[in-house]
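Spelled out, the chains give:
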Amino acid sequence: MSEETKIQNLTPQGSFEFKGKTMFKFDVILENGMVGEVNAMSQNKWTEGDSVVVIDQKATKWGNRLKLDRPSSQYGTDSDRQKWDANKPSAPQSDNIQDAIITQWAIREAQTFFVNTSSDPSKVSLRMIAGTALQFKQMAKDLDKYYEDSKQQPEATSDDLPF
């Protein structure tokens, strides 16, 4: 179908839950004369005057349903389109995401550690949490190396603990 046109009128019709996600419903009138309902995952995906491509049109017992997309020219060059392709992130982007996940995990675990082991939480500083998180992160990245390196350090005793 892939017919390019513009949104002439857009009227919000509320939201509904679908497969655990909030969907937003709109009545739409296109410049080519098509009228129907379109759903989107965000309230501001479409605005009046947007160029759109009609991907599909179905007449249902609830009325005319439309599937819209942006014209391919609005996605930019091939390198710009990578940001729209969620299924194929580039390797550096994947590495950054994985590193961020490990960092968040390490911080959460460090906080949990201090909450569960400190007799006076007011004496726990953010620097202590950050240092412990860095150790957890290093341990998670290469447990074998972390363990071998730790054998060279003196074992911490309860006398060394700040609480």
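Residues numbered from 1 in each chain as written. Predicted model: local features only at pLDDT ≥ 70, side-chain atom pairs only at ≥ 80, totals over all residues. Heavy atoms only, no water.

Enquirer: Please explain the overall build of the protein as it appears in this structure.
Expert: For the protein, the count of helices and strands is four helices and five strands. When each of the 163 residues of the protein is scored for burial, the buried share is 21%. Put simply, of all contacts in the protein between residues at least 6 apart along the chain, 38% involve residues at least 24 apart. (Helix = DSSP H or I, 4+ residues; strand = E, 2+ residues; numbered from the N terminus. Buried < 20%, exposed > 50% of the residue type's maximum accessible area, 1.4 Å probe, protein only. Contact = heavy atoms within 4.5 Å.)

Enquirer: When you look at helix α3 (residues 126-141) in this model, what are you seeing that I'm missing?
Expert: Given 3.6 residues to a turn, an α-helix orients residues that are three or four positions apart in the same direction. With 16 residues, α3 ought to run about 22 Å at 1.5 Å a step, and its terminal C-alpha atoms sit 22 Å apart, in line with that. Those residues of α3 lying buried are Ile-129, Thr-132, Ala-133, Phe-136 and Lys-137. Projected down its long axis, α3 carries its buried residues within an arc of 145 degrees, all on one side. Across α3 from its buried face, at more than 90 degrees, point the exposed residues Arg-127, Leu-134 and Lys-141. (Expected span 1.5 Å × (residues − 1). Arc of directions from axis to C-beta.)

Enquirer: I'm lost on the pattern of salt bridges in this one. Help?
Expert: Between side chains of opposite charge, a pair can form when the charged atoms approach closely. Enumeration according to the criterion identifies seven salt bridges in this entry. Of the charged contacts in the structure, one is a salt bridge between Arg-65 and Glu-37, with a shortest N-O distance of 3.3 Å. Taken as a pair, Arg-65 in strand β5 (residues 63-69) and Glu-37 in strand β3 (residues 35-40) lie far apart in primary sequence, 28 residues in all. The class of Arg-65 is partly exposed, set by a relative accessible area of 28%. Given the relative accessible area of 14%, Glu-37 is considered buried. Between Arg-108 and Glu-109 there is a salt bridge, with its nearest N and O atoms 3.8 Å apart. The exposure class of Arg-108 is partly exposed, given its relative accessible area of 46%. Under the relative-accessibility criterion, Glu-109 is labelled partly exposed at 29%. (Salt bridge = Lys/Arg side-chain N within 4 Å of Asp/Glu carboxyl O.)

Enquirer: What exactly am I supposed to notice about the environment of Phe-114 here?
Expert: Considering the arrangement of structural elements, one finds Phe-114 in helix α2 (residues 91-117). We classify Phe-114 as buried; its relative accessible area is 7%. With 14 residues separating them along the chain, Phe-114 and Met-128 place their C-alpha atoms 8.9 Å apart. Apart from residues no more than four positions distant in its own chain, Phe-114 is found in contact with Val-124, Met-128, Ile-129 and Thr-132.

Enquirer: Is there a simple way to think about the side chain of Ser-118 in this case?
Expert: Take Ser-118: it is sitting in the loop between α2 and α3. A polar atom in the side chain of Ser-118 sits 3.1 Å from the backbone oxygen of Asp-120. (Polar contact = N/O pair within 3.5 Å; in protein donor to acceptor, adjacent residues only side chain to side chain.)

Enquirer: Sorry, what's going on with the packing of aromatic side chains here?
Expert: Summed over all chains, the structure comprises two aromatic pairs. Here Trp-105 and Phe-136 contribute two aromatic rings whose centre-to-centre distance is 6.4 Å and whose plane-to-plane angle is 45 degrees, an arrangement assigned as tilted. Placement of the pair is Trp-105 in helix α2 and Phe-136 in helix α3, with a sequence separation of 31 residues. Judged by relative accessible area, Trp-105 falls into the partly exposed class, the value being 33%. Owing to a relative accessible area of 18%, Phe-136 belongs among the buried residues under this scheme. Between the aromatic rings of Phe-113 and Phe-114, the centroid separation amounts to 5.2 Å while the plane-to-plane angle is 75 degrees, which identifies the pairing as edge-to-face. On the accessibility criterion, Phe-113 (36% relative accessible area) is partly exposed. (Phe/Tyr/Trp six-rings, centres within 6.5 Å; stacked < 30°, edge-to-face > 60°.)

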